[in-house]
Amino acid sequence: MKMSGYEYNDRKMAKWQGFVLSDHAELLKKSDALKNKCTLPKEKQSPESISETIFQAFSTEKQLVLQMDFLINGLYEDDLIGIVIGQEENSLYLQTYSELILIDSSLIRHAEIAESKKWWDESF
């Protein structure tokens, strides 16, 4: 394209590569941080203690934090956080922010009621 004696050299997609590369580098940093993250094992509780905590969370409609008792690649998975919406025999229905999870109660290592944070709390 010529404009009054000045030739504009459009670099087309080359000018966008700087944006793509910086976004890609940021995603790689986040991915590395997630790979290096490990969840420490919590104290293994008795089935009675776990059942009591689950019942308290269910009856008060508070969030429950669960650590499962199995390892993936030598590490514990992140804690499951959600609200108990039902229980059937040896199964527990946990509603998380994104999905409904069916959990075998015998696979729970540790259960605790999540501390609720208030919107006016500065540490939130």
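Computed from a predicted model, the values in this text were never measured in an experiment. (Residues numbered from 1 in each chain as written. Predicted model: local features only at pLDDT ≥ 70, side-chain atom pairs only at ≥ 80, totals over all residues. Heavy atoms only, no water.)

Participant: Residue-level account of the environment of Lys42, with values.
Facilitator: Within the secondary structure, Lys42 is located in the loop between α1 (17-36) and α2 (47-60). A relative accessible area of 23% places Lys42 in the partly exposed class. For the pair Lys42 and His110, spaced 68 residues apart in sequence, the C-alpha separation works out to 6.5 Å. Among the polar contacts made by the side chain of Lys42, one reaches the side chain of Asp79 at a distance of 2.7 Å. A polar atom in the side chain of Lys42 sits 3.1 Å from the side chain of Glu112. (Helix = DSSP H or I, 4+ residues; strand = E, 2+ residues; numbered from the N terminus. Buried < 20%, exposed > 50% of the residue type's maximum accessible area, 1.4 Å probe, protein only. Polar contact = N/O pair within 3.5 Å; in protein donor to acceptor, adjacent residues only side chain to side chain.)

Participant: Help me get a handle on the pairing of strand β6 (residues 80-88), residues and values and all.
Facilitator: Pairing geometry for strand β3 (residues 63-68) and β6, over 4 bridges, is antiparallel. Directly across from Leu66, in β6, lies its bridge partner Leu80. With antiparallel pairing between neighbouring strands as the criterion, β6 and strand β7 (residues 91-95) make up a hairpin whose turn holds 2 residues, including Glu89 at a positive phi of roughly 50°. (Pairing = 2+ DSSP bridges.)

Participant: Tell me about a nonpolar patch on the surface, residues and numbers included.
Facilitator: On the surface, Phe70, Ile72 and Leu107 cluster together into a nonpolar patch covering about 220 Å² of accessible area. Inspection of the secondary structure puts Ile72 in strand β4 (residues 71-72). (Patch = residues over 30% accessible without salt bridge, like charges linked within 9 Å, V, L, I, M, F, W, Y side chains within 5 Å. Areas by Shrake-Rupley, 256 points an atom, 1.4 Å probe, with all protein chains shown as cover. Salt bridge = Lys/Arg side-chain N within 4 Å of Asp/Glu carboxyl O.)

Participant: Break down the confidence of the model for the protein chain for me, citing the residues and quoting the values.
Facilitator: The predicted coordinates of low-pLDDT regions are not to be read in fine detail. For the protein chain, per-residue confidence averages 81 on the pLDDT scale, and 76% of positions sit at 70 or higher. Averaged pLDDT values for the elements of the protein chain fall to 54 in strand β1 (residues 2-3) and rise to 94 in strand β9 (residues 108-113). (pLDDT = per-residue confidence, 0-100.)

Participant: Any chance you could break down the environment of Ser105 for me, citing the residues and the numbers?
Facilitator: Relative to the helices and strands, Ser105 is located in the loop between β8 (100-104) and β9. Overall, the relative accessible area of 18% leaves Ser105 in the buried class. Along the chain, Ser105 and Asn90 lie 15 residues apart, while their C-alpha atoms are 5.5 Å from each other.

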